[in-house]
Amino acid sequence: MSNQGIHQKLVTLFSLLLTVLFVYTAVSKLIELDTFQWRLERMPYVAPYATLISWGVPFLELVIAGLLWFRRYRTMAFYASFILLGLFTIYIIIVLRYSDSIPCSCGGVISALGWKDHILLNITFMVFALLGILWSKKQYNMQSHQNTT
Amino acid sequence: MKTKFFKLLLPAFAILMAVGLAFATEDEPVAQVAHYFLPGQGWQTVTVEDDCGASGNEACEYNGIQLYSERDFGSIALRKP
């Protein structure tokens, strides 16, 4: 199997994993929207924007999960995934400067993870998104080139 | 056929699985709060880990300030294992 074939399959796999992550966390947040908002109201820096974030983040996660399955928008969705996960990670690192007793405001069982495990999980998915950007871009460029020749 | 499977069934399966998992692993809402005293601003409230309680080796702190169970220095100074 050529590298291109493997990359294509891996891009699909990364899309699948990111979709599961985003849909899972978005739905978990929406199921317990009140709790999620309540926690955000007590988090450093983000408290004034708790209502906006409590609706905006799950919405954004669902949009990204959807866009990952449209070839045309896949690269953009990988970029958005990378940025969103990056922002979460930066926020966690900033919060850890305050205290490691603050609970996670994330969805579902992921909230049971410790902060360090959470950073590790985010970095892993950021790597998937980064590889997705590189390989889906390559595929899109090759297909565009084939269509024009 | 194979392309159709990847284009439609795979994302549908992923979404269904994620939604199912989200409902299946619905956690108990934890609403444990703790309080700390900030000179000049008074008592502040934050949410804390479930681990923070009356006993443990390590102090539960927020920005280096000891957390209490109530807005009172006489209440339990929270600790964790």
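Residues numbered from 1 in each chain as written. Chains lettered and ligands numbered in written order. Predicted model: local features only at pLDDT ≥ 70, side-chain atom pairs only at ≥ 80, totals over all residues. Heavy atoms only, no water.

J.: Looking at this structure, how should I read the overall build of chain B?
T.: Within chain B one finds one helix and six strands. Helices and strands appear in chain B in the N-to-C order α-β-β-β-β-β-β. If you sum the accessible surface of chain B, you get close to 5200 Å²; carbon and sulfur atoms cover 59% of it. (Helix = DSSP H or I, 4+ residues; strand = E, 2+ residues; numbered from the N terminus. Areas by Shrake-Rupley, 256 points an atom, 1.4 Å probe, with all protein chains shown as cover.)

J.: Teacher, can you tell me more about the UniProt feature "transmembrane region" (unreviewed entry) in chain A here?
T.: Residues and elements named next belong to chain A. Taking the numbering used here, the UniProt-annotated feature "transmembrane region" (unreviewed entry) corresponds to residues 49-70, 77-99 and 119-136. Counted over residues 49-70, helix gives 82% and strand 0%. Its end C-alpha atoms are 31 Å apart. Overall, residues 119-136 shows 100% helix and 0% strand. The separation of its end C-alpha atoms is 25 Å. (UniProt positions renumbered as here; feature names shortened; annotations may be inferred.)

J.: How should I be thinking about the environment of Leu85 of chain A in this particular structure?
T.: Residue and element names in this part refer to chain A. Tracing the backbone through its elements, the reader meets Leu85 in helix H4 (residues 71-98). Assessed through its relative accessible area of 2%, Leu85 is described here as buried. A C-alpha to C-alpha distance of 6.0 Å links Leu85 and Asn122, two positions 37 residues apart in sequence. With residues up to four places along the chain from it excluded, the contact list for Leu85 reads Leu18, Leu21, Phe22, Asn122, Phe125 and Met126. (Buried < 20%, exposed > 50% of the residue type's maximum accessible area, 1.4 Å probe, protein only. Contact = heavy atoms within 4.5 Å.)

J.: Any chance you could explain the pattern of salt bridges here in plain terms?
T.: Pairs can form between side chains of opposite charge whenever their charged atoms are close. Residue and element names in this part refer to chain A. According to the stated counting rule, one finds one salt bridge over all chains in the structure shown. Ionic pairing is found between Lys29 and Glu61, a salt bridge with its closest N-O pair at 2.9 Å. Pair noted here: Lys29 is in helix H1 (residues 3-31) and Glu61 is in helix H3 (residues 50-67), with a separation of 32 residues, a long-range link. Of the two residues, Lys29 and Glu61, neither departs from the other in class, the shared state being buried. (Salt bridge = Lys/Arg side-chain N within 4 Å of Asp/Glu carboxyl O.)

J.: Can you help me understand the environment of Leu38 of chain B in this one?
T.: Residue and element names in this part refer to chain B. When you line up the elements, Leu38 lands in strand E1 (residues 33-38). Leu38 sits 27 residues away from Ile65 along the chain, and the two C-alpha atoms are 8.3 Å apart. Aside from chain neighbours lying at most four places away, what touches Leu38 is Gln44 and Ile65.

J.: It is not clear to me how the packing of helix H2 (residues 33-40) of chain A against H3 of chain A should be interpreted in this structure. Could you clarify?
T.: Working note: a packed helix pair is described by the angle between its axes plus the distance between those axes. Residues and elements named next belong to chain A. Direction vectors running N to C along H2 and H3 enclose 130 degrees, while the axes themselves pass 9 Å from each other. On the basis of their axis angle, the class for H2 and H3 is oblique. Handedness of the crossing formed by H2 with H3: right-handed. Along its contact with H2, which presents Leu33, Phe36, Gln37 and Leu40, the element H3 presents Ala50, Thr51, Ile53, Ser54, Trp55 and Pro58. Each residue belonging to the contact of H2 with H3 can be placed in one class, and the counts come to seven nonpolar, three polar and no charged. (Axes fitted to C-alpha atoms, helices over the stretch in contact; angles between N-to-C directions. Parallel < 35°, antiparallel > 145°, perpendicular 65-115°, else oblique. Left-handed = near helix turned anticlockwise from the far one by under 90°. Nonpolar A, V, L, I, M, F, W, Y, C, P; charged D, E, K, R; others polar.)

J.: Is there a simple way to think about the side chain of Gln66 of chain B in this case?
T.: Residue and element names in this part refer to chain B. Structurally, Gln66 can be placed in strand E5 (residues 65-66). Among the residues examined, Gln66 registers a relative accessible area of 19% and is labelled buried. A distance of 3.5 Å separates a polar atom in the side chain of Gln66 from the backbone oxygen of Cys60. Polar side-chain contacts of Gln66 include one of 2.9 Å to the backbone oxygen of Leu78. (Polar contact = N/O pair within 3.5 Å; in protein donor to acceptor, adjacent residues only side chain to side chain.)

J.: How do you make sense of H3 of chain A when you look at a structure like this?
T.: Along an α-helix, residues three or four positions apart point the same way, because every turn accommodates 3.6 residues. Compared with an ideal rise of 1.5 Å per residue, which puts 18 residues at 26 Å, H3 of chain A spans 25 Å between its outermost C-alpha atoms and is within 8% of the ideal. All of the buried residues along H3 of chain A are Ala50, Ser54, Val57, Pro58, Glu61, Ile64 and Ala65 of chain A. (Expected span 1.5 Å × (residues − 1).)

J.: Explain the packing of aromatic side chains to me, please; I cannot follow it from the model alone.
T.: Aromatic ring pairs: the centre-centre distance and the angle between the two ring planes describe each pair. All names here are of chain A. Inspection of every chain in the model, using the stated rule, returns nine aromatic pairs over all chains. When the centroid spacing of 6.2 Å and the interplanar angle of 15 degrees are considered together, the rings of Phe14 and Trp135 count as stacked. One end of the pair, Phe14, is in helix H1; the other, Trp135, is in helix H5 (residues 115-148), with 121 residues separating them in the sequence. The exposure class assigned to Phe14 is buried, which follows from its relative accessible area of 6%. Grouping aromatic residues by their ring pairs yields a cluster made of Phe14, Phe125, Phe128 and Trp135. Against the face of Trp69 rests Arg74, its NZ or CZ located 5.6 Å from the ring centre. (Phe/Tyr/Trp six-rings, centres within 6.5 Å; stacked < 30°, edge-to-face > 60°. Lys NZ or Arg CZ within 6 Å of the ring centre and 35° of its normal.)

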